[in-house]
Amino acid sequence: MTTPNAPPGHFTILYFAAATSFTAKNVESLPAPLSLRKLFDVLEERYEGIKESVLDHSLVTINLAYVDIPEEGEEDVLIEEGDEIAIIPPVSSG
């Protein structure tokens with residue numbers, strides 16, 4: 001799978017598993033810069049209910065490196081132009 005490049009001034013979000021189902025997208029671009037904490041707020045505005053249903057239980061990578069979601073009062077991570085974010089919900093198998 002090749003990931004489309006984000007337009008200038010944007011970053012790319014890749015959605016997997018339940019995140020893909022919830023957004024009905026595999027990929028989208030958003031304007032940069034944006035803090036990681038603010039990203040979750042923006043996604044909740046676009047896809048009501050995604051934070052509780054998907055994001056609160058997902059792993060996140062920035063440029064293939066796993067990152068922790070900062071708690072209130074902790075230093076936030078800044079997403080820059082050209083970055084690639086992946087939202088990776090837990091996957092169950094049977």
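The structure displayed is predicted, hence computed values, not measured ones.

## Details of the overall build of the protein chain
For step 1, the next point in the chain: Counting its secondary structure elements, the protein chain contains three helices and seven strands.
For step 2, the next point in the chain: Each helix (α) and strand (β) of the protein chain, taken in turn from the N terminus, gives the series β-α-β-β-α-α-β-β-β-β.
For step 3, the next point in the chain: Taking 94 residues into account, the globule formula puts the C-alpha radius of gyration at 12 Å, and the protein chain, at 13 Å, falls close to it.
For step 4, the next point in the chain: For the protein chain, the C-alpha atoms occupy an extent of roughly 40 × 35 × 25 Å along the three principal directions.
For step 5, the next point in the chain: Taking all 94 residues of the protein chain together, 33% fall into the buried category.
For step 6, the next point in the chain: Within the protein chain, contacts between residues at least 6 apart in sequence are counted, and of these 57% link residues at least 24 apart.
For step 7, the next point in the chain: Separation between the mean location of the 5 positive side-chain charges and that of the 17 negative ones in the protein chain comes to 6 Å.

## Re the pattern of salt bridges
For step 1, the next point in the chain: Under the definition given, this model contains four salt bridges.
For step 2, the next point in the chain: Between lysine 25 and glutamate 28 there is a salt bridge; the shortest N-O distance is 3.4 Å.
For step 3, the next point in the chain: What makes lysine 25 partly exposed here is its relative accessible area of 32%.
For step 4, the next point in the chain: The salt bridge involving aspartate 76 is made with arginine 37; its shortest N-O contact spans 3.8 Å. One end of the pair, aspartate 76, is in the loop between strand E5 (65–67) and strand E6 (78–79); the other, arginine 37, is in helix H2 (residues 36–46), and 39 residues separate them in sequence.
For step 5, the next point in the chain: Ionic contacts of the salt-bridge type, sharing partners, join the residues Lys25, Glu28 and Arg46 into one network.

Rules used throughout
- Residues numbered from 1 in each chain as written.
- Predicted model: local features only at pLDDT ≥ 70, side-chain atom pairs only at ≥ 80, totals over all residues.
- Heavy atoms only, no water.
- Helix = DSSP H or I, 4+ residues; strand = E, 2+ residues; numbered from the N terminus.
- Rg over C-alpha atoms; globule rule 2.2 N^0.38 Å.
- Buried < 20%, exposed > 50% of the residue type's maximum accessible area, 1.4 Å probe, protein only.
- Contact = heavy atoms within 4.5 Å.
- Lys, Arg positive; Asp, Glu negative; His and termini not counted.
- Charge placed at Lys NZ, Arg CZ, Asp CG, Glu CD.
- Salt bridge = Lys/Arg side-chain N within 4 Å of Asp/Glu carboxyl O.

Functional significance is not addressed by these values, which are geometric in nature.
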